[in-house]
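What follows is each chain in one-letter form.
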Amino acid sequence: MPTAASSRAASTSSTSPELAEAVERARHLKFGEDEHFFRWCGASSVFVDALDAFGLRDKTLVVATDWAEKDIDGNTTPWSMGTAAPQANQMFARYYDRLERLGLKVLRMHDLRADPGHRWGLAPFHYEPSVYARVREAIEAFPSAS
């Protein structure tokens, strides 16, 4: 006999055969390449239009933390997803610039340090605790600080 909780539950497959087939046929556009960026620009405009439609543009803060090039001990951070931190930061820059040109508030944070003791291990985007504290403070102050 179903319980109240189970009668309200829904179950979905995480990958339908149709979705799996579409992904299999899809052409991968590598992040940072011109075609990816230009297609993303179109989608970003649609996204910002949706924020406007719901009155959320002024309530949206884009957190733009650079990937850390060094850890807290001064060692170079490892590559992640096939990319070194300096190259990742260069690739991300025009995406953040685009969002800013569309009128979104962008919190930019540079010269960050990674923490080898991070609970998920060392990565260029696993920061020392003070970075997370600064992000939290900026979010808590937003939008009153804008």
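Here is a short report on the structure shown in this document. For clarity, every value in this text was computed on a predicted model and none was experimentally measured. (Residues numbered from 1 in each chain as written. Predicted model: local features only at pLDDT ≥ 70, side-chain atom pairs only at ≥ 80, totals over all residues. Heavy atoms only, no water.)

1. Considerations on the packing of aromatic side chains
Per the counting criterion, the structure on display carries ten aromatic pairs. Both rings, one in Phe92 and one in Tyr96, keep their centres 5.8 Å apart while their planes meet at 15 degrees; by these two values the pair is stacked. Taken together, the residues Phe92 and Tyr96, both in helix H4 (residues 85-101) and four residues apart, mark about one turn of the helix. For Tyr96, a relative accessible area of 15% puts it in the buried group. Among the aromatic residues, ring-to-ring pairing joins Phe31, Phe37, Phe38, Trp40, Trp67, Phe92, Tyr95, Tyr96 and Phe125 into one connected group. (Phe/Tyr/Trp six-rings, centres within 6.5 Å; stacked < 30°, edge-to-face > 60°. Helix = DSSP H or I, 4+ residues; strand = E, 2+ residues; numbered from the N terminus. Buried < 20%, exposed > 50% of the residue type's maximum accessible area, 1.4 Å probe, protein only.)

2. Details of the layout of surface pockets
Quantified by volume, the largest pocket comes out at close to 160 Å³. Lining the largest pocket are Lys30, Phe31, Trp67, Ser80, Met81, Thr83, Ala88, Met91 and Phe92. Of the residues belonging to the lining of the largest pocket, the class tally is six nonpolar, two polar and one charged. (1 Å grid on protein atoms, 1.4 Å probe; cavity = no way out; pocket = protein on both sides within 12 Å on 5 of 7 lines; lining within 4 Å. Points joined across faces, edges and corners; volume = space filled by probe spheres on them. Nonpolar A, V, L, I, M, F, W, Y, C, P; charged D, E, K, R; others polar.)

3. A short note on the nonpolar core
Of all hydrophobic cores here, the largest spans eleven residues; its members are Trp67, Ala68, Ala85, Ala88, Leu107, Met109, Leu112, Ala114, Tyr127, Val131 and Val135. When contributions to this core are tallied by element, the ones reaching two or more residues are H4, strand S3 (105-109) and helix H5 (129-141). Judged by nonpolar contacts, the second largest core, of nine residues, contains Ala64, Leu99, Leu104 and Val106. (Core = buried A, V, L, I, M, F, W, Y, C linked by side-chain atoms within 4.5 Å.)

4. A look at the pattern of salt bridges
The final tally for this structure, using the stated rule, is eight salt bridges. Of the charged contacts in the structure, one is a salt bridge between Glu35 and Arg39, with a shortest N-O distance of 3.0 Å. Here Arg39 and Glu35 lie together in helix H3 (residues 34-53), a separation of four residues that amounts to about one turn. Of the residues examined, Arg39 reaches a relative accessible area of 52% and is grouped as exposed. Here Arg136 makes a salt bridge to Glu140, at a shortest N to O gap of 3.9 Å. (Salt bridge = Lys/Arg side-chain N within 4 Å of Asp/Glu carboxyl O.)

5. Notes on unusual backbone geometry
When glycine is set aside, most residues are seen to have a negative phi, and most peptide bonds are trans. The omega torsion across Phe142 and Pro143 is 5 degrees, close enough to zero to call that bond cis. A positive phi angle is found at Met81, which is not glycine, with a value near 55 degrees. A positive phi angle, close to 55 degrees, is found at Asp111, a residue other than glycine. With respect to the secondary-structure elements, Asp111 resides in the loop between S3 and strand S4 (113-114). The exposed category is assigned to Asp111, whose relative accessible area is 73%.

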